[in-house]
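Coordinates in review
Single-letter residue listing:
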Amino acid sequence: MAKTVHIKTYGCQMNAYDSGRMADVLAPLGYRTTEVVEGADMVILNTCHIREKAGEKVFSDLGRLRPLKQAREAAGAAMTIVVAGCTAQAEGEELRRRAPIVDVVVGPLAYHRLPELVAQAVRQGGGVLDTDMPAEPKFDALPAQSARPGVSAFLTVQEGCDKFCSFCVVPYTRGAEYSRPVAEIVDEARHLLDLGAREIVLLGQNVNAYRGAATDGTSWSLGRLIERLAELPGLSRLRYTTSHPLDVDDALVAAHRDVPALMPFLHLPVQSGSDRILAAMNRRHDAATYLRVIERLRKAQPALAFSSDFIVGFPGESERDFQATMALVREVGFAQAFSFKYSARPGTPAANLDLRIDDATATARLHALQAQLWQDQEAFNRAQVGRVLPVLIDGPGRHSGQVHGRSPYMQAVHAEASTVEPGTMVAMRIVEGRLNSLVGEPAAPPAAAAA
Ligand code: SAH
Ligand code: SF4
Ligand code: F3S
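A short tour of the structure in this document, coming up. (Residues numbered from 1 in each chain as written. Chains lettered and ligands numbered in written order. Predicted model: local features only at pLDDT ≥ 70, side-chain atom pairs only at ≥ 80, totals over all residues. Heavy atoms only, no water.)

Considerations on the overall build of the chain
Applicable threshold: Secondary structure follows DSSP: runs of H or I at least 4 residues long count as helices, runs of E at least 2 residues long count as strands, and numbering of each begins at the N terminus. The cut-offs for exposure are 20% and 50% of the maximum accessible area for each residue type, with area from a 1.4 Å probe on protein chains only; residues under the lower value are buried, those over the upper are exposed, and the others partly exposed. Pairs of residues are marked as contacts when any of their non-hydrogen atoms sit within 4.5 Å. Surface accessibility follows the Shrake-Rupley procedure with a 1.4 Å probe radius. Residue values consider only the protein chains on display as shielding. By the counting scheme adopted, Arg and Lys are positive, Glu and Asp are negative, and His together with the chain ends is not counted. Charge positions are represented by NZ for Lys, CZ for Arg, CG for Asp and CD for Glu.
If you tally the helices and strands in the chain, you get 13 helices and 21 strands. Judged by the C-alpha coordinates and their principal axes, the chain covers about 65 × 60 × 50 Å. A buried classification covers 54% of the 451 residues belonging to the chain. Intrachain contacts of the chain at a sequence separation of at least 6 include 72% that bridge at least 24 residues. Only carbon and sulfur atoms are counted for the fraction: they give 52% of the accessible area of the chain, which is about 19,600 Å². Between the centroid of the 48 positive side chains of the chain and the centroid of its 51 negative side chains there is a distance of 2 Å.

Structural notes on the packing of helix α7 (residues 222-229) against helix α8 (residues 250-258)
Note the cut-off: Angles shown run from 0 to 180 degrees and are taken between the N-to-C directions of axes, each axis being a line fitted to C-alpha atoms and, for helices, limited to the stretch in contact. Ten residues, namely Ala, Val, Leu, Ile, Met, Phe, Trp, Tyr, Cys and Pro, are considered nonpolar, four, namely Asp, Glu, Lys and Arg, are considered charged, and the remaining ones, Gly among them, are considered polar.
The contact between α7 and α8 brings their axes to 7 Å, and the two run at 30°. The residues of α8 that touch α7, namely those facing L222, G223, I226 and E227, are A251, L252 and A255. Across the contact of α7 with α8, the residue classes tally to five nonpolar, one polar and one charged.

Comments concerning helix α1 (residues 13-26)
Our working rule: To estimate the expected span of a helix, subtract one from its residue number and multiply by 1.5 Å.
Its 14 residues place the ends of α1 20 Å apart at the C-alpha level, agreeing with the 20 Å of an ideal helix rising 1.5 Å per residue. Counted residue by residue, α1 has eleven buried out of 14 residues, so it is predominantly covered. Within the span of α1, buried status applies to M14, N15, Y17, D18, S19, R21, M22, A23, D24, V25 and L26.

Comments concerning unusual backbone geometry
Following T241, the chain continues into T242 via a peptide bond in cis, with omega recorded as 5°. Note on placement: T242 falls in the loop between β13 (237-241) and α8. The backbone of N282 sits at a positive phi, close to 55°, despite the residue not being glycine. Inspection of the secondary structure puts N282 in the loop between α9 (275-280) and α10 (287-300). Since its relative accessible area comes to 29%, N282 is described here as partly exposed. Backbone geometry at L355 places phi at a positive 60°, although glycine is not the residue there. Accessibility expressed as a relative area gives 65% for L355, which makes it exposed.

Considering the pattern of salt bridges
Test applied: When a carboxyl oxygen of Asp or Glu lies within 4 Å of a side-chain nitrogen of Lys or Arg, that pair is called a salt bridge.
Applying the stated criterion across every chain, the model contains 30 salt bridges. Of the charged contacts, one joins R72 and D41 as a salt bridge, the two residues approaching to 2.7 Å between their closest N and O atoms. With R72 in helix α2 (residues 52-74) and D41 in the loop between β2 (31-33) and β3 (42-47), this pair connects stretches of sequence that are 31 residues apart. With a closest N to O distance of 2.8 Å, D130 and R113 form a salt bridge. Of this pair, D130 sits in strand β6 (residues 128-130) while R113 sits in the loop between β5 (104-106) and α4 (114-124), placing them 17 residues apart in sequence. Here the two residues D130 and R113 agree in accessibility, since each one is buried. If you follow the salt bridges from partner to partner, you end up with R21, D24, R180, E184 and E188 in one network.

Overview of the site of ligand 3
To keep it simple, the criterion reads: One heavy atom within 4 Å of a molecule or strand is enough for the residue carrying it to be called near that molecule or strand. Each domain's limits were defined by an automated method or a database of domain assignments.
Around ligand 3 sit C12, N15, T47, C48, H49, I50, C86, V170, R174 and Q205, and that is every residue in its neighbourhood. Among the residues forming the shell around ligand 3, the class breakdown is five nonpolar, four polar and one charged. Here the shell around ligand 3 spans two domains, and each of domain 1 (3-130) and domain 2 (139-312) adds at least three residues to it.

Quick word on the sheet that holds strand β21 (residues 437-442)
Note the cut-off: By the convention used here, strands pair only if DSSP detects at least 2 bridges between them.
Spatially, β17-β18-β19-β21-β20 is the arrangement adopted by the five strands of the closed barrel, whose pairing is mixed. Averaged over neighbouring strand pairs, the angle between their axes works out to 50° when direction is ignored. Across four bridges, strand β19 (residues 412-416) lies against β21 in parallel orientation. When the sheet's bridge partners are listed, A415 is paired in β21 with G440.

Digging into the nonpolar core
Soluble, globular proteins show a tendency: their nonpolar side chains are buried together. Condition: Put simply, buried Ala, Val, Leu, Ile, Met, Phe, Trp, Tyr and Cys residues joined by side-chain atoms within 4.5 Å make one nonpolar core.
Core analysis: the largest hydrophobic core is formed by 55 residues, its most contacted members being L202 and I226. Excluding residues within four positions of it along the chain, I226 makes contact with L202, L238, Y240, L252, A255, V259 and L262. With 26 residues, the next largest nonpolar core counts A23, L117, V201 and L203 among its residues.

As for the environment of R345
Residue position: R345 is located in the loop between β16 (336-341) and α12 (359-382). Here R345 falls in the buried class, since its relative accessible area comes to 4%. C-alpha separation for the pair R345 and F167, spaced 178 residues apart in sequence, amounts to 6.9 Å. Beyond its immediate chain neighbours, meaning those up to four positions away, R345 contacts H49, I50, R51, E52, G55, F167, V169 and A351.

Everything listed here is a matter of coordinates, which is why it stays silent on function.
Shown next as structure tokens:
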């Protein structure tokens, strides 16, 4: 009998990938996904725990689900409620205690067991918890992807993190670093391309720490994996995220130089420009090291543009530390960046540090940093005006007669153009650069522009 599952995804791209895989696991049981939460047979909240606000969202969502579940039960039906993801991993017991409407709590490394867990919840009337970090990887137990991917598809190649930055929950919620074998990744990439994807985004919490077993008995780095994947027929573009500056090795630098499909845009978080704060964050590199990594990459691939994450208001951050961050930002000139106020996370070493920064100071620093970052982003986008860029079309634009696509630098590109098939590469002359998007026009008739 056909049943429906509604999946709500928070957090990073890896959670988005996992949500798709949970749907794959449930498909053989007769579940198809629905956008509508009311009346769904199952609701999965795939949670994020990275900052306090993110971790709390699940409780307000569960509050909204309670009447929906009760309405279903009053009508003689059921609504199985599953909490998955990083908050499930970190706060499984507490979730079970505080939110009795939750039937299943499942961590990010155990969701391949969803069918048994759901069956068990039905038998015992809820209260099932699985936050194991099993030795055998979940990937071995996952069925092939069933849903049609978009033009751009996520592919998790690495999971977990061994870096233990002092502010971060990820090493605790996703466990130790694990790299999927090369052959398994190549198969999944082929499958995604067969299903219509043209761009593949390789994912990992620390993706450039990738060390995957190859059939030749050696272990491949991310650079080598990228070279292999670039050979797959039908692939137009490759990207990867998120990287750690210390794991940028020569093979990865060479891939940026030699592999045309690898896009010249790299998310390489630095978090802070102050050596004192970087040390307190346990980032294991200083600002100069970061700048040298950027320089090495730019030398190999002058077209490269960078993005980063920043945390302001880390415990003990002085005005001088903050100015060091601003100086680094001005020096690199990021094409894009995300910035956050520090959020103390229980269980992380930084949560025990004194010298908390008051909220007003942290907010003022965040605003100053964002003003600079947005200025740089707008300048970068404006600098594209007059250039002809290959734009990968991913769908219709907001208005009729418009198409939407992505530049090599991930910028959204809008253009007036008669319908172009999603997945087509169109050479576009950029006529306008805005803060968050570009406006383009086809530079040549479609046939000649295909690349
Ligand atoms: N694995 C990635 C992403 C980690 S989470 C990496 O290493 O960069 C994404 C971003 O959230 C981080 O880069 C960091 O800037 C931010 N972040 C993580 N923990 C945080 C915290 N406790 N408070 C505020 N921001 C945080
Ligand atoms: Fe978190 Fe640091 Fe690992 Fe990134 S590298 S996931 S910030 S511990
Ligand atoms: Fe959030 Fe977990 Fe991703 S904490 S950012 S969902 S790895």
